[in-house]
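Observations on the three-dimensional arrangement
The chain contents come next:
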Amino acid sequence: MKVAGIEVSPDHFIGGERVASSSTFTDYSPIDEEALGEIARGGQREADLAVTAATEAFPAWAALGASGRAVYLHRLADLIDANVERLAPVECVDMAMLLRSLKARLINRGARNYRSYADLAVAYEERVWDSNGTHNRVLRMPSGPAVVITPWNAPFMLSTWKTAPALAAGSTMILKPAEWSPLSCSLLADLVDEAGFPPGVFNIVQGIGEEIGAALVSNPAVSRISFTGSPETARHIGVAAAKNIVPFTGELGGKGPLLVFEDCDLEAAARKAAGQFDDAGQVCLAGTRILVEESVVEPFMELFHRFADEHVLGDPRSDDTTVTPLIHRDHFERVAGFVERARANGDEIVRGGQPAERGGLFYEPTLVIPRSNDSEIVQREVFGPVLTVQTFSEEDEGVALANSTPYGLSGILYTGSSERAERVGRAIRAGTVWVNTFLVRDLTAPFGGIGISGIGREGGDFALDFYSDLKTLQIAEGTTE
Ligand code: NAD
């Protein structure tokens, strides 16, 4: 099939070959809800084929060692950089991610993921020490075939973020991208092929989560499961992982607080708060609960509305657009349902609150003052352009509000005080807290969530450890009885 003028295979990539399925599902573009094509709908058969291919490829891939594997990962990274002009337009049409973000950041970030994990795996220094008459070392042993399951937002970047450490650590793998945005990962398969990976090392399968996804995570030959998506799906995957006693990481949803203290640069804070509508709010790390110190709420809100007014709803291929359509009609209905229930609950809609006039899958950037902190709109992830705003009068109250949901993925705080930055930064219950900034990432830092936002950590050595069986090797100094 052709998308944005680029040839994209609708089939799986298993054992180094394209494999079709007897049934298909339709992939739609969020831009106009037009069908882009029919995609292979894998099930038990394709899951088994992919796990078998990954299992057979594992011993040789593991035996290559980190340096041997790095050659392939670097080649793949170079090919990604060389193919930005193919990958970006396809993902833009498939997911409605802004074309300029894809070209400037997100696709290259995929290349950076493969490069940095390849180098990090090579640089691993075994911990070495002597004790009790033995010489001790901690070895990282490749663990076996891994399954990686990814969500529909930023599908290329997130898939590379998770598959890079798996491959670098010596796992062979099966990637299943989400069914609402499967195409950029199909192009990734072309690049894996071009990079000359041995057949079966990196398999990419397509299909519905409850079908091929469930079949993959239940397969007893799988040694690791890495998932990014919703807490609801993570519960199912966790059960499957528990049955086979397989380590599992989940990077899950968020409901991040964005705390604004009176001593901060108010304009910067308001600009960032209004910026949470970017990508139509389909960002797990977004600070969707704005918490403002009462003494500055008026000037803050004035600035917030000024910056929010600057948003432009439009085609993700246009340079002016800042707010894109939502991914799918079902998701649009889900977002609209949250706002309707908020209205019925007596929460005050102070901005937006309805489908946008331009129609399609556009929803107006929406701001809600909740009736209470227990309102559903405060407590559950919407994953759309919907923010709430609440006030607090004391720092402790702000922190308590920040920590009052079951989520704990990220937090943002704006303050001019370094003491407060340290104090509140520590007190916020989240895997990542940004102070006076947002979305700055160091790939070696641990990344993950607390509470229902996740289990385990990815990033840097944390991810390489996850895909490895850590082994303590103790060799006696001399002969022991
Ligand atoms: P989702 O949980 O519906 O689906 C994620 C993936 O799981 C898809 O590939 C889907 O096909 C698959 N899946 C569904 N049911 C399955 C099953 N029973 N067994 C195996 N696989 C199954 O999530 P989504 O709607 O695609 O993504 C949005 C969610 O992802 C939001 O909650 C968002 O916050 C979260 N997210 C988190 C991060 C993070 O880094 N923490 C990043 C991006 C998105």
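Worth saying up front: this structure is predicted, and the values here are computed from it rather than measured. (Residues numbered from 1 in each chain as written. Predicted model: local features only at pLDDT ≥ 70, side-chain atom pairs only at ≥ 80, totals over all residues. Heavy atoms only, no water.)

**With respect to the pairing of strand S9 (residues 146–149)**
For a regular strand, side-chain orientation follows a simple rule: the groups alternate between the two sheet faces. Here S9 shows no split at all, with Ala146 and Val148 on one side and Val147 and Ile149 on the other all buried. Pairing geometry for S9 and strand S10 (residues 173–176), over 4 bridges, is parallel. Bridge assignment links isoleucine 149 to a residue of S10, and that residue is lysine 176. Taken together, S9, helix H5 (residues 155–169) and S10 form a β-α-β motif whose crossover is right-handed. Of the pairings in the sheet, the one linking S9 to strand S12 (residues 224–228) comprises 4 bridges and is parallel in character. (Buried < 20%, exposed > 50% of the residue type's maximum accessible area, 1.4 Å probe, protein only. Helix = DSSP H or I, 4+ residues; strand = E, 2+ residues; numbered from the N terminus. Pairing = 2+ DSSP bridges. Right-handed = clockwise from strand over helix to strand, strands pointing away.)

**Considering the site of the ligand**
Among the 29 residues in the neighbourhood of the ligand, the closest are listed as Thr150, Glu179, Ser230, Thr233 and Glu381. Lysine 176 is positioned with one of its side-chain polar atoms (N or O) 3.0 Å from an oxygen atom of the ligand. Alanine 214 is positioned with one of its backbone polar atoms (N or O) 3.5 Å from a nitrogen atom of the ligand. Protein coverage of the free-state accessible area of the ligand, which is 850 Å², stands at 90%. Listing elements by their share of the shell around the ligand, those giving two or more residues are helix H7 (209–218), S12 and helix H8 (231–244). The leading source of residues in the shell around the ligand is H7, at 4 residues. Partitioned by chemical class, the residues of the shell around the ligand number 14 nonpolar, 10 polar and 5 charged. Both domains that furnish three or more residues to the shell around the ligand are identified here as domain 1 (2–252 + 449–473) and domain 2 (257–435). (Near = heavy atom within 4 Å. Polar contact = N/O pair within 3.5 Å; in protein donor to acceptor, adjacent residues only side chain to side chain. Areas by Shrake-Rupley, 256 points an atom, 1.4 Å probe, with all protein chains shown as cover. Nonpolar A, V, L, I, M, F, W, Y, C, P; charged D, E, K, R; others polar. Domains from an automatic or database assignment.)

**Some details on the sheet that holds strand S8 (residues 134–142)**
Taken in spatial order, the 3 strands make up an open sheet running S7-S8-S22, and their pairing is antiparallel. The two strands at the open ends of the sheet, each matched to only one other strand, are strand S7 (128–131) and strand S22 (468–476). When strand polarity is set aside, the average angle formed by the axes of neighbouring strands in this sheet is 30 degrees. Pairing of S8 with S22 involves 9 bridges; the strand directions are antiparallel. (Axes fitted to C-alpha atoms, helices over the stretch in contact; angles between N-to-C directions.)

**Remarks on the environment of glutamate 376**
Within the secondary structure, glutamate 376 sits in helix H12 (residues 376–379). Of the residues examined, glutamate 376 reaches a relative accessible area of 25% and is grouped as partly exposed. Each C-alpha atom, one on glutamate 376 and one on asparagine 345, is 8.8 Å from the other, the two residues being 31 residues apart in sequence. Residues in contact with glutamate 376, not counting those within four places in the same chain, are Phe338 and Arg341. (Contact = heavy atoms within 4.5 Å.)

**What about the packing of H5 against helix H6 (residues 183–194)?**
It is the contact of H5 with H6, at a shortest axis distance of 8 Å, that shows an interaxial angle of 50 degrees. With respect to their mutual orientation, H5 and H6 come out oblique. Seen from above, H5 lies across H6 with right-handed handedness. On H6, the residues touching Pro155, Phe156, Ser159 and Thr160 of H5 are Ser184, Cys185 and Leu188. The class makeup of the residues in the contact of H5 with H6 is 4 nonpolar, 3 polar and no charged. (Parallel < 35°, antiparallel > 145°, perpendicular 65-115°, else oblique. Left-handed = near helix turned anticlockwise from the far one by under 90°.)

**Description of the side chain of asparagine 136**
Mapped onto the elements, asparagine 136 comes out in strand S8. The class of asparagine 136 is buried, set by a relative accessible area of 0%. At a separation of 2.9 Å, a polar atom in the side chain of asparagine 136 contacts the side chain of threonine 134. A polar contact is formed between the side chain of asparagine 136 and the side chain of glutamine 474, at a distance of 3.0 Å.

**As for the side chain of serine 171**
You can see serine 171 is positioned in the loop between H5 and S10. Here glycine 144 takes part through its backbone oxygen, which lies 3.0 Å from a polar atom of the side chain of serine 171. Serine 171 has contacts with Phe58, Trp61, Ser143, Gly144, Ala146, Ala166 and Tyr467, leaving out every residue within four places of it along the chain.

**Quick notes on H5**
In this model, H5 (15 residues) spans 22 Å end to end at C-alpha, consistent with the 21 Å of a helix rising 1.5 Å per residue. Of all the bends in H5, the greatest, near 25 degrees, is centred on threonine 163, and the proline proline 165 appears no more than four residues after it. Taken across its 15 residues, H5 has 15 buried, putting it largely inside the fold. Among the residues trailing H5, glycine 170 stands out with phi positive, at a value near 105 degrees. (Expected span 1.5 Å × (residues − 1). Bend = angle between axes of the 7 residues up to and from the residue.)

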